[in-house]
Amino acid sequence: MKRCYLNNFSTSLLSPLPENKTNLFCILSEDATQKINAVLPASNSPENPQYFMRLTLQNADATEYELIDVFRFFNQLMILQCGAENTVITSWPEGTRVLCASTAGSFSQQRNNNTVIISEMEAISYRIQKIIIDASRGNSQVLLLENDSNQQNKLPILITNMQDGDELLLEIKGVDSINALPALINACKL
């Protein structure tokens, strides 16, 4: 499953959620639901969704929270998991604050699962003279650079398919010092 993000997202529940909320719909305003649907691809099946978004449910004074994972089923948000990252599972009243925020647990999970390893030769594009890293291949990737003593031949790294709010952990192997790192370019900013 791939995780999707939405920067600076904050809204509130329009309907309360019980303690056991897995497979229930998370009812938000139409505007908030449309914002999430714009970045969260629809899943064909509630049994095996391909994409999800982790949301934070938070009380008014921000002293309690619960992380839930939602996926888009048709145009509604269905709860895939409650109590993510060992947060306390509880019921939430109408008006509860809902956020989309990165969490420490999500970063450690990315480092351990689904790491994509790419060699320089398979990532190189001679046509545009760049090494291409496709962010849609995974949010944890390792680039194996060839051992080349001629640093003038090092091509810049072009990161494609990365949107605002996306995160990519890119480990570059085969570089001895920070001065030998290739330049990084985000295709969205070209």
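Enquirer: Sorry, what's going on with the overall build of the protein here?
Expert: In terms of regular secondary structure, the protein is built from three helices and 14 strands. Looking at the protein residue by residue over its 190 residues, the buried ones come to 39%. A sequence separation of at least 24 residues applies to 68% of the contacts in the protein between residues at least 6 apart. Summed over its atoms, the accessible surface of the protein is roughly 11000 Å², and 48% of this surface lies on carbon and sulfur atoms.

Enquirer: Please explain the pattern of salt bridges as it appears in this structure.
Expert: Proximity of charged atoms lets side chains of opposite charge pair with each other. Per the counting criterion, the structure on display carries four salt bridges. One salt bridge connects Arg-54 with Asp-69, and the closest N-O pair in it is separated by 2.7 Å. Of this pair, Arg-54 sits in strand β4 (residues 51–58) while Asp-69 sits in strand β5 (residues 65–73), and the two are 15 residues apart along the sequence. For Arg-54, a relative accessible area of 5% translates into the label buried.

Enquirer: Hey, could you run me through helix α1 (residues 30–39) in this one?
Expert: Two residues of an α-helix separated by three or four positions point the same way, owing to the 3.6 residues in each turn. Within α1, the full set of buried residues consists of Ala-32, Thr-33, Ile-36 and Asn-37. Seen from one end, α1 has its buried residues packed into an arc of 135°, which puts them on one side. Along α1, exposed side chains directed more than 90 degrees from the buried face belong to Glu-30 and Ala-38. Next to the buried residues of α1 lie β2 (9–12), β4, β5 and β6 (76–82).

Conventions used here
- Residues numbered from 1 in each chain as written.
- Predicted model: local features only at pLDDT ≥ 70, side-chain atom pairs only at ≥ 80, totals over all residues.
- Heavy atoms only, no water.
- Helix = DSSP H or I, 4+ residues; strand = E, 2+ residues; numbered from the N terminus.
- Buried < 20%, exposed > 50% of the residue type's maximum accessible area, 1.4 Å probe, protein only.
- Contact = heavy atoms within 4.5 Å.
- Areas by Shrake-Rupley, 256 points an atom, 1.4 Å probe, with all protein chains shown as cover.
- Salt bridge = Lys/Arg side-chain N within 4 Å of Asp/Glu carboxyl O.
- Arc of directions from axis to C-beta.

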